[in-house]
Amino acid sequence: MLNHCFLCRNEDLKEMLESSKESLKLEAMKRIVGLIAKGKNASELFPAVVKNVASKNIELKKLVYVYLVRYAEEQQDLALLSISTFQRALKDPNQLIRASALRVLSSIRVPIIVPIMMLSIKEASTDLSPYVRKTAAHAIQKLYSLDPDQKEHLIEVIEKLLKDKSTLVAGSVVMAFEEVCPDRIDLIHKNYRKLCNLLVDVEEWGQVVIIHMLTRYARTQFVSPWREDAVFDENSEKAFYDSEEERRVEQSKPYIMDPDHRLLLRNTKPLLQSRNTAVVMAVSQLYWHLAPTHELSIITKSLVRLLRSHREVQYIVLQNIATMSIQRKGMFEPFMKSFYVRSTDATHIKTLKLEILTNLANEANISTILREFQTYVKSQDKAFAAATIQAIGRCATNISEVTDTCLNGLVLLLSNRDETVVAESVVVIKKLLQTQPSQHSDIIKHMAKLFDNITVSMARASILWLMGEYCEHVPKIAPDVLRKMAKTFTSEEDIVKLQTVNLAAKLYLTNSKQTKLLTQYILNLGKYDQSYDIRDRTRFIRQLIVPNEKSGALSKYARRILMAPKPAPVLQSAFKDRDRFQLGTLSHSLNSQANGYLELSDWPAVAPDQSVRIVEVVEPVKEAGAPVFGKSKPGKSDEKFYSDSEEEEEEEEEGSSSEDSSSSSSEESESESESEENSDDSNKSSSSQSDSEKKKKTLKNKKLQQQKPDSKDRTKFFLMHIVLSFSNQFVASCRCSLLCLYVFLVCQFDTISWDVRVSLQASSPVFVPETSRELLHRMTGKGLSAQYRFTRQPCIYGNSMVSLQLTLSNSSDQALENIHISEKSSTGQNIHRFNAIERLEPQASVTVSMGVDFNDSTQAANFQLCTKEDEFSVSIQPAVGELLLPITMSEADFTKEQIYNKITKTLKLNLNEIPCGLSVWLANDRLGTGNLFKNNNLLKCYKYLNI
């Protein structure tokens, strides 16, 4: 019945796809993609879907491509019919269509279209869209798996894409590199620093791939930082060697970390705060394999934080912590309580936490850990209880001070009602007794008494082994145990039968009078046992201990063979040898080398050449001593104040010399000034031309003499720029007087060396406090509490605003709805409100950001914090320091900025206050510079300026 309904549904979808209405086709494709998402098989619709691949509707075409990517490999013949359409789509203006077409083309796994795929990948790798280039990187891996012979051509594309500066492409191309040519480290050299710097901005899964690749790269290019004579400096910039002799001298000096090594560690450190657990795990393994020992502690908190994640994440993280804790106990010892077992943990999680606690055990904390273990032994989880007993045995072996205590505790467990606990206790006691057998004969006797009540075969075999190994310490009890075993021999498990035969042989050699007949009886039973292992062991023992004509010289050494002292077993962690695999990999998790695993190489004894990672940047060539105005251009004179239009004209005249360019530029500048002033005076034009010729000759002489240009000329040009940029109203009324004022300012600042205004850039704050201040108490807010803190970062909502971070918490037992800031609550300050929070669940919290313009005052910002039902008045009082923007500048730059602000502020404010009569006089003024300073009105203007 269900199949019939499904077939009917497919027929309906086919009819919709063959309809002439685009809306029906689009609806059909949405349903088909929905079926695919639910895991349904929609391959029967392939012929009907592929007909719409050439549709002009972009939304429909996207869905068709999604379908084709899923089923192109299964329906290769039908997909091949549309290859020409895919090739045309590679030229589509829409980047999503181009990328989808390439994705479908690379999903058709037919060798005959390999050349088409190769050509498409090469074209897509140079596409203007980074999304298409990212898809090309994904297609490289598919083509390589289809035809490995294309490796060399694909490496060329990978090399090109590795130079891509887009963060969208970086992760995908590194993945292609790892798949196609992971051994080509030379491709990474020039891109190493770029990848390190882009790492923070790459998407999360790309970060994981890049970090693993850079880990392998660093192990081949840097020397080990784990040397005792290592020197670590965050800002060390080691110079390159000038000669082989200096290289040999440097090798004898203490180790100093390579700057590129430090760059990798520094740029990956912020990713420990990532929300993606795989990224945090990747950075942790990088630090574990590359960082100095004293820096490993920074990954501890991040790993412990991941233990709050899902069960699957906990399992992987705990496995890696278990490996780390064997070599570095001090890393996780302060967080020992984080590894205490919870009742809600799964068995495999409990076992891993138990493993870590055992690794962290030492003389200082063993009492605390043993008390915790006593609780675990009582667990209803039998497998976990047995693992706890094994952990107690390991603690007793590793810490001699608690050996007797642990042994006595295990003996008490022998009276436990749970057979699993008793059996595991017997096995562990057997291993512990091997360390001091002569001092624990009472324990062996006690175990012999419990032998009849123990049914677990491994525990019974352990007791029999103890009886045989230390039969001389219990000469009366051991024969009696053998007598009991002779009665039940045929019904025992194989492992118990083997230990019974061994016990009989040892008692035959040490106490033959009492056990000779019992031994022969047991050997006869074993001779006809169904297990060939038992039969073989019985024949071997008979020939070894019972001398006859056929037995050779071996029987003479029977006692030395069977009664030889055995070394005590070493109880060690199951993760002891997992450090041979890279942390965070599948091979480490399985403790077996998985397919595709790339081993980490050993540290090189001598670091390879550092210069391979230097990327040469061609800088513009400038004259010696040439001043800089804005952006410098090679081969051009920078001694004039250029406008944008003049710079564009200069860029077109690449063939002209620097002198011609400079002179023509000055002529254009002066002619433009004349056109702006609407001057009809021909004398000015002629004088400007003569001035330009003089300046041209002066420039030539200066270049020949290679002298530094006078800073006064630059000051004059800059001051003219300031004067001519005043308010339009004032410029329109008295432009001539402004020129006179310009001459006046030049004379006043003739001794100042002042090029341009300093460009101010905010620097990152030295310290950002993490503590928050209370904005709204939960009692006042009826369950809603709010805290705020100043982030000390530039506010994205406005240059004059201060950035704030609010943490809203719901401590009530009911959800709060529509949490927002009232629009009419502001008291003069401009407030950028956060988006309304529709619902905040009980005991939940949310962090939002907002901006407040305090108008450069410490007056509190008062506003209303509202919910659906209530309004609460709150206020934020800023400290003076929170209103300042951190800027770093030199003393010289500070002086320049101070002078600039003083001039511009004074002129802007006071020029509007000049009396009307003075303005008229200035408009009609035709005085020369010689009489300029004798005029009282201009002296008044000078007083207004007050410079």
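Parameters and conventions
Residues numbered from 1 in each chain as written. Predicted model: local features only at pLDDT ≥ 70, side-chain atom pairs only at ≥ 80, totals over all residues. Heavy atoms only, no water. UniProt positions renumbered as here; feature names shortened; annotations may be inferred. Helix = DSSP H or I, 4+ residues; strand = E, 2+ residues; numbered from the N terminus. Buried < 20%, exposed > 50% of the residue type's maximum accessible area, 1.4 Å probe, protein only. Polar contact = N/O pair within 3.5 Å; in protein donor to acceptor, adjacent residues only side chain to side chain. Contact = heavy atoms within 4.5 Å. Phe/Tyr/Trp six-rings, centres within 6.5 Å; stacked < 30°, edge-to-face > 60°. Lys NZ or Arg CZ within 6 Å of the ring centre and 35° of its normal. Salt bridge = Lys/Arg side-chain N within 4 Å of Asp/Glu carboxyl O. Pairing = 2+ DSSP bridges. Patch = residues over 30% accessible without salt bridge, like charges linked within 9 Å, V, L, I, M, F, W, Y side chains within 5 Å. Areas by Shrake-Rupley, 256 points an atom, 1.4 Å probe, with all protein chains shown as cover. pLDDT = per-residue confidence, 0-100. Expected span 1.5 Å × (residues − 1). Arc of directions from axis to C-beta. Axes fitted to C-alpha atoms, helices over the stretch in contact; angles between N-to-C directions. Parallel < 35°, antiparallel > 145°, perpendicular 65-115°, else oblique. Left-handed = near helix turned anticlockwise from the far one by under 90°. Nonpolar A, V, L, I, M, F, W, Y, C, P; charged D, E, K, R; others polar.

The name an unreviewed UniProt entry gives the chain is AP-3 complex subunit beta, with Cyprinus carpio carpio as the organism. The chain has a UniProt comment under Sequence similarities (unreviewed entry) that states "Belongs to the adaptor complexes large subunit family."

A. Looking closely at the side chain of H189. Within the secondary structure layout, H189 lies in helix α12 (residues 186-189). Among the residues examined, H189 registers a relative accessible area of 14% and is labelled buried. Engagement of the side chain of H189 in a polar contact is seen with the side chain of Y217, the distance being 2.7 Å. Those residues within four positions of H189 in sequence are excluded, and the remaining contacts are Y217, Q221, V612 and R613.

B. Just the packing of aromatic side chains, in detail. Applying the stated criterion across every chain yields a total of 12 aromatic pairs. Measuring from centroid to centroid gives 6.2 Å for F332 and F339, while their planes differ by 75°, and the two rings are edge-to-face. F339 carries the same exposure label as F332, and that label is buried. Measuring from ring centre to ring centre gives 5.7 Å for F581 and Y597, while their planes differ by 80°; the resulting arrangement is edge-to-face. With F581 in the loop between α32 (558-562) and α33 (586-590) and Y597 in the loop between α33 and α34 (644-652), the pair connects residues that are 16 residues apart, well separated along the chain. Each of the two residues, F581 as well as Y597, counts as buried. Site record: aromatic cluster; members linked through ring pairs are F46, Y67 and Y71. The ring of F384 has K350 sitting right over it, with the charged end atom 5.5 Å from the ring centre. Sitting over the ring of Y192, R613 keeps its end group 5.8 Å from the ring centre.

C. Structural view of the pattern of salt bridges. Counted according to the given criterion, the structure contains 31 salt bridges. Across the pair R580 and D577 runs a salt bridge whose closest N-O atoms are separated by 3.2 Å. Exposure remark for D577: the relative accessible area of 38% places this residue in the partly exposed category. For the salt bridge of R839 with E841, the shortest nitrogen-to-oxygen distance reads 2.7 Å. Taking the relative accessible area as the measure of exposure, R839 reaches 45% and is therefore partly exposed. Take E841: its relative accessible area is 40%, and that puts it in the partly exposed class. Salt bridges sharing common partners tie together R193, D258, D260 and R613.

D. The arrangement of the pairing of strand β4 (residues 816-821) in detail. Relative to strand β6 (residues 837-840), β4 runs antiparallel, the two sharing 3 bridges. Looking at the pairing, E817 lines up with R839 of β6. Direction of pairing for β4 relative to strand β8 (residues 861-866): antiparallel, over a ladder of 2 bridges. When the sheet's bridge partners are listed, I821 is paired in β8 with L865.

E. Layout of a nonpolar patch on the surface. On the surface, a nonpolar cluster with roughly 390 Å² of combined accessible area is contributed by F540, L554, Y557 and I561. Counting through the fold element by element, Y557 comes out in the loop between α31 (532-545) and α32.

F. Highlighting the confidence of the model for the chain. On average, the chain scores 77 in pLDDT, and the residues at 70 or more come to 74%. When pLDDT is averaged over each helix and strand of the chain, the minimum, 38, is found for helix α41 (residues 916-924) and the maximum, 95, for helix α17 (residues 277-290). Within the model, pLDDT remains below 50 along residues 234-243, and this stretch shows 15 contacts once partners closer than five positions in the same chain are excluded. Note on residues 694-700: pLDDT under 50 across the span, and 8 contacts to partners over four residues away in sequence or across chains.

G. Up close: helix α10 (residues 151-162). Relative to the 16 Å expected for 12 residues at 1.5 Å per residue, α10 spans 16 Å between its end C-alpha atoms, a close match to the ideal helical length. Within α10 the residues assigned to the buried category are L154, I155, V157, I158, L161 and L162. The arc that holds the buried residues of α10, viewed along the axis, is 165°, so those residues lie on one side. The inward-facing, buried residues of α10 abut α8 (114-124), α9 (130-146), α11 (167-180), α12 and α13 (192-198).

H. Seen up close, the sheet that holds β4. Here we have 4 strands laid out as an open sheet, ordered β6-β4-β8-β9, and antiparallel in their pairing. Every other strand in the sheet has two partners, leaving β6 and β9 (871-876) as the edge strands with one partner each. The sheet shows a mean angle of 30° between the axes of neighbouring strands, taken without regard to direction.

I. Spotlight on unusual backbone geometry. One non-glycine residue, K782, adopts positive backbone phi at about 55°. In this structure, K782 sits in the loop between β1 (773-776) and β2 (784-794). Here K782 falls in the exposed class, since its relative accessible area comes to 55%. Even without glycine at this site, N818 takes up a positive phi of about 55°. With respect to the helices, strands and loops of the structure, N818 is situated in strand β4.

J. Examining the packing of helix α23 (residues 382-398) against helix α24 (residues 403-412) more closely. Two numbers describe how α23 lies on α24: the axes approach to 8 Å, and their chain directions differ by 155°. Overall, the two elements α23 and α24 adopt an arrangement that is roughly antiparallel. Judged by the twist between their axes, the crossing of α23 over α24 is left-handed. Judged by residue contacts, I389, I392 and A396 of α23 engage T403, C406 and L410 from α24. Looking at the contact of α23 with α24 residue by residue, the class counts come to 5 nonpolar, 1 polar and no charged.

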